[in-house]
Amino acid sequence: MNTEIKIRHLNQFYGKKQALKDVNLTIGKGMFGLLGRNGAGKTTLMKVLATLLPKSQGKISICGTPVENAARIRSMTGYLPQEFSMYPNMTVYEAMDYLGVLSGLSREERNSRIPGLLRKVNLLDDRKKKVKALSGGMKRRLGIAQAILHNPMVLIVDEPTAGLDPEERVRFRNLLCEIAEERIVILSTHIVGDIEATCEQIAVLNEGEILYHGSVAELTAMAEGKVYSAEISRTELSELKKKYIVTSMLTLGNNVMVRFLADRAPFSSAHRVEAGVEDAYMYLMRGERGEE
Amino acid sequence: MFRSLFAKECSQTVRSLIYWLTVIILSLFFFSQLGDINITGKPVKGQESYGVKYSDDEQTIMENTLGRLAEEYYRETYSTYPIGFHKSVKPDEEENRRIGEILEETAGIKDMKVIEGLMAEHYNTGGMIMTGLAVPPARGLSYEHFQKLMQEVDDILGGGSSYGKDMLKSNAMVEMTYEDAMEEYDTLVEKDRLTGGYARLFCDYMSVMLSILPVFLAVTRCLRDRRAKMQELIAVRKASSAAIIISRYLAMVVMLMIPVLVLSCFPLAESIRYASEAGISIDYLAFVKYSFGWLLPSIMTAAAVGLVLTVLTDTALGVLVQGIWWFISIFSSMSGMSGGMYGWNFVPRHNTVGNYSGFHDNFAQLAANRTLYAVISIVLVTVTVWIYAKKRRGKMDVHGKIFANRKNKSKA
């Protein structure tokens, strides 16, 4: 069975504004990360894949089915929108049951699948709780459960970790990785850490264009030898920021430990360090901004 | 899938606050208007009054209308209901002079003192006055010419007066005789089998409320998706747009018919009580038949208007549109309160247990009226399905455009 999403020459317009520019992607089974700033076009791409927006130009097929066949695509995709919510007065179980009916599941299928899924997302004990009483993290987990309720081949998850505390975020990432073992999961985020922890393949979107498409390791390799670390005084920090992109910093009394991007060591105390995904992402974006 | 979805929608409807508010308002209205329904039974000879009726007799219509015109001419103030609300019209000198000429031509009255005398004679009897002043028409006045001149008076007054062609009969309120009352009772018992007349009265009152209340239910149901940010979540599901919209619509209609049928049990129970005392047979299913034939199209239409406009605009525009339509319908149907003048009005009236002949003679029109609104509602629901299917695919973002325009205007 075809388990690929193929996107060819996708252009998307909102009136005169072009939100996606000649996007070409092939996405296979497993976790696929879509990284980019806010407004880069990630949500637009996700919505086109989820049949919530009609594509303006180009070709898209999901597991061999053209995206125009919305009814078929809907039965094989699950979607967790950026602003996820449910009817607040429904209980967790009722909400799942309602969405299960909308997904065309029979009563037997719903009765057998829902408890298992709620257990998987650690919400079984909260099944009688009203949706409005759930925490942000619990809601997101419920969001995942509803998205895979009908056992879709493709799961589209838009900015799922925004607003979650660190513990919930880690739990959520692990959950996504489990789910991705048997299906395509597309994770859109502007948080590099989410991608680093979960995805093998990624694409970086910037202003509607694909800046990078490949493995996380290859992206990291692009920044290899370009990342430096140094302990400098606070007074030197502003000068350094003017010349280089600082990817992280840690205050140590009157000094600051900085990590920054440079083609060569700018001063003797700076030493080269191993590049991370965040460094590589910043390196990629620096090139896009035309900075050195 | 559809049956499960329908059951879920019914359950959602029952658990919504607006549904129970609708039921409470409907019940309060019913009990305040029809709650103390008491079937008094056969008229008894020698009763103080047998009630009043509208006369079909042209002479009576002319006499009563001219009596009313004389009174209003004397007072120089005319009551009109141009959009349903009472409005006192004071014509200018020229207009009043013309009305005086018409009064002279139709009733032969030139002098105010004559009118004063007639009024004193009519009202100062010391007894109960059931009807207005009656003035005999001038000799040789044909009914057609009378109608023409009265229409001229109505035009002078700006319309909505008691002199328009459709309103002339409503001036001819006459006291019923024992024979009239017996005839009406016999018709009620024999032709209407008692419950038919009461079912029409029940539908008359209920249709006033059911022509507006369902729109609130429809609008809140559709806006609930937006408020709960469920639109996308539902849009990406396998269920067809037709299944989603029709299940919602049917759930609303069915859940609204339930309190209607429950409330109809009260006048039915009273009818059964009276029938057993009087030893007459009744039509036990009359309330059900009338409710489905008369009230169901009202519920269907009001709900469909709410549905289509909410799905299209994601706003409560439906309430405004239905509210205006309801308002106009209610007041434009006031001239036909006693039944028989159903026309194409959205709220056909029959505010009496009697007037079987008015119902019987105009049944085809009433049936056509109700069928039209049932068809309109089906068309509106079909359009809603089409709009919803478009919106699921990101098209027809009317709400976004409205609010984008507002933002642009406020920026400007």
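Here the structure is a predicted model, which is why all the values come from computation and not from measurement.

A. Representation of the overall build of chain A in the model. Assigned secondary structure in chain A consists of 10 helices and 14 strands. Projecting the C-alpha coordinates of chain A onto the three principal axes gives extents of approximately 70 × 45 × 35 Å. Sorting the 292 residues of chain A into buried and exposed places 44% on the buried side. A sequence separation of at least 24 residues applies to 67% of the contacts in chain A between residues at least 6 apart.

B. Looking closely at the overall build of chain B. For chain B, the count of helices and strands is 17 helices and four strands. Considering only C-alpha atoms, chain B reaches an extent of 80 × 70 × 35 Å along its principal axes. Residues counted as buried form 40% of the 412 residues belonging to chain B. Within chain B, contacts between residues at least 6 apart in sequence are counted, and of these 78% link residues at least 24 apart.

C. Main features of the environment of Arg272(A). Residue and element names in this part refer to chain A. In this structure, arginine 272 sits in strand β14 (residues 271–272). A residue is classified by how many C-beta atoms lie within 10 Å of it, and arginine 272, with 14 of them, is partly exposed. Taking C-alpha positions, arginine 272 is 37 Å from isoleucine 184, a pair spaced 88 residues apart along the chain. Apart from residues no more than four positions distant in its own chain, arginine 272 is found in contact with Gly225, Val227, Tyr228 and Ala265.

D. Here's a closer look at the interface of chain A and chain B. In this complex, chain A contributes 26 residues to the contact, which on the side of chain B involves 20 residues. Elements with a minimum of two residues in the side of chain A that touches chain B: α2 (70–76), β6 (77–80) and α3 (92–102) of chain A. It is α3(A) that provides the largest number of residues to the side of chain A that touches chain B, a total of four residues. Split by residue class, the side of chain A that touches chain B holds 14 nonpolar, eight polar and four charged.

E. Main features of the sheet that holds strand β12 (residues 245–252) of chain A. Residue and element names in this part refer to chain A. Taking strand neighbours across the sheet as the criterion, the four strands line up as β12-β13-β11-β14 in an open arrangement whose pairing is antiparallel. Of all the strands in the sheet, just β12 and β14 have a single pairing partner and so form its edges. Of the pairings in the sheet, the one linking β12 to strand β13 (residues 255–261) comprises seven bridges and is antiparallel in character. Bridging across to β13, serine 248 finds its partner in arginine 259.

F. A look at the domain arrangement of chain B. Domain parsing of chain B yields domain 1 (2–41 + 192–407) and domain 2 (52–175). Here the C-alpha centre of domain 2 of chain B lies 39 Å away from the C-alpha centre of domain 1 of chain B.

G. View of the nonpolar core. In terms of nonpolar packing, the biggest core is built from 157 residues, with Phe32(A), Ala145(A), Val185(A), Ile186(A) and Ala303(B) touching the most fellow members. Not counting chain neighbours up to four residues away, the residues in contact with Val185(A) comprise Met31(A), Phe32(A), Leu155(A), Val157(A), Leu176(A), Ile179(A) and Ala180(A). Ile61(B), Met62(B), Ile99(B) and Tyr163(B) belong to the second largest nonpolar core, which has 24 residues in total.

H. Geometry of the packing of helix α12 (residues 241–278) of chain B against helix α16 (residues 363–392) of chain B. Residues and elements named next belong to chain B. As a packed pair, α12 and α16 sit with axes 9 Å apart at the nearest point and diverge in direction by 135 degrees. As judged from the angle between their axes, α12 and α16 are oblique. Crossing of α12 over α16 shows right-handed handedness. Residues Ser241, Ala242, Ile244, Ile245, Ile246 and Tyr249 of α12 pack against Val381, Thr384, Val385, Tyr388, Ala389 and Arg392 of α16. Looking at side-chain class alone, the contact of α12 with α16 contains nine nonpolar, two polar and one charged residues.

I. Spatial organisation of the sheet that holds strand β2 (residues 17–27) of chain A. Residue and element names in this part refer to chain A. Read from one edge to the other, the open sheet built from four strands follows the order β2-β1-β4-β5, with strand pairing classed as antiparallel. A single partner strand is all that each edge strand has here, and the edge strands are β2 and β5 (65–66). In this sheet, β2 lies alongside strand β1 (residues 5–14) in antiparallel orientation, the contact comprising seven bridges. Residue pairing for β2: phenylalanine 13 is matched across the bridge by glutamine 18. Each of β1, β2 and β4 (57–62) touches helix α1 (residues 42–49); the most contacted strand, β2, lies at about 65 degrees to it.

J. Just the confidence of the model for chain B, in detail. Residue and element names in this part refer to chain B. Averaged over all residues, the pLDDT of chain B is 88; the fraction at 70 or higher stands at 93%. Averaged pLDDT values over the elements of chain B bottom out at 61 in helix α17 (residues 398–411) and peak at 96 in helix α13 (residues 286–313). Confidence estimates for the predicted assembly give a pTM of 0.81 and an ipTM of 0.85.

K. Focus on helix α5 (residues 136–147) of chain A. All names here are of chain A. Taking 1.5 Å as the rise per residue, α5 with 12 residues should run 16 Å; its terminal C-alpha atoms sit 16 Å apart, in good agreement. For α5, the complete set of buried residues consists of Arg140, Arg141, Leu142, Gly143, Ile144, Ala145, Gln146 and Ala147. Packed against the buried residues of α5 are β6, α3, α4 (107–120), β7 (154–158) and α6 (166–179).

L. Representation of the environment of Arg75(B) in the model. For Arg75(B), the location among the structural elements is in helix α3 (residues 58–75). Residues Arg75(B) and Tyr198(B), 123 residues apart in the sequence, show an inter-C-alpha distance of 40 Å.

M. Looking closely at the confidence of the model for chain A. When pLDDT is averaged across chain A, the result is 89; 98% of the residues are at 70 or more. Averaged pLDDT values for the elements of chain A fall to 80 in helix α10 (residues 277–289) of chain A and rise to 95 in α3(A).

N. Spatial organisation of the pairing of strand β11 (residues 227–233) of chain A. All names here are of chain A. Sheet topology note: the β11/β13 ladder contains seven bridges and is antiparallel. Each bridged residue has a counterpart across the sheet, and for valine 227 the counterpart in β13 is leucine 261. Where β11 lies against β14, two bridges are found, and the strand directions are antiparallel. Looking across to β14, one finds that tyrosine 228 is bridged to arginine 272.

O. View of unusual backbone geometry. All names here are of chain B. With phi around 55 degrees, aspartate 314 is a residue other than glycine that occupies positive phi space. Examined against the element boundaries, aspartate 314 turns out to sit in the loop between α13 and α14 (317–332). If you check the backbone angles, asparagine 355 has positive phi at about 55 degrees while not being a glycine. Along the chain, asparagine 355 turns up in the loop between α14 and α15 (356–361).

P. Local environment of the packing of α5(A) against α6(A). Residues and elements named next belong to chain A. The N-to-C vectors of α5 and α6 enclose an angle of 10 degrees; their axes lie 10 Å apart at closest approach. With respect to α6, the element α5 is oriented roughly parallel. Residues Gly137, Arg140, Arg141 and Ile144 of α5 touch α6, and the partners they reach there are Glu168, Phe172 and Leu175. Across the contact of α5 with α6, the residue classes break down as three nonpolar, one polar and three charged.

Each value, and the rule that gives it
Residues numbered from 1 in each chain as written. Chains lettered and ligands numbered in written order. Predicted model: local features only at pLDDT ≥ 70, side-chain atom pairs only at ≥ 80, totals over all residues. Helix = DSSP H or I, 4+ residues; strand = E, 2+ residues; numbered from the N terminus. Buried ≥ 20, exposed ≤ 12 C-beta atoms within 10 Å, placed from the backbone. Contact = placed C-beta atoms within 7 Å. Nonpolar A, V, L, I, M, F, W, Y, C, P; charged D, E, K, R; others polar. Pairing = 2+ DSSP bridges. Domains from an automatic or database assignment. Core = buried A, V, L, I, M, F, W, Y, C linked by C-beta atoms within 7 Å. Axes fitted to C-alpha atoms, helices over the stretch in contact; angles between N-to-C directions. Parallel < 35°, antiparallel > 145°, perpendicular 65-115°, else oblique. Left-handed = near helix turned anticlockwise from the far one by under 90°. pLDDT = per-residue confidence, 0-100. Expected span 1.5 Å × (residues − 1).

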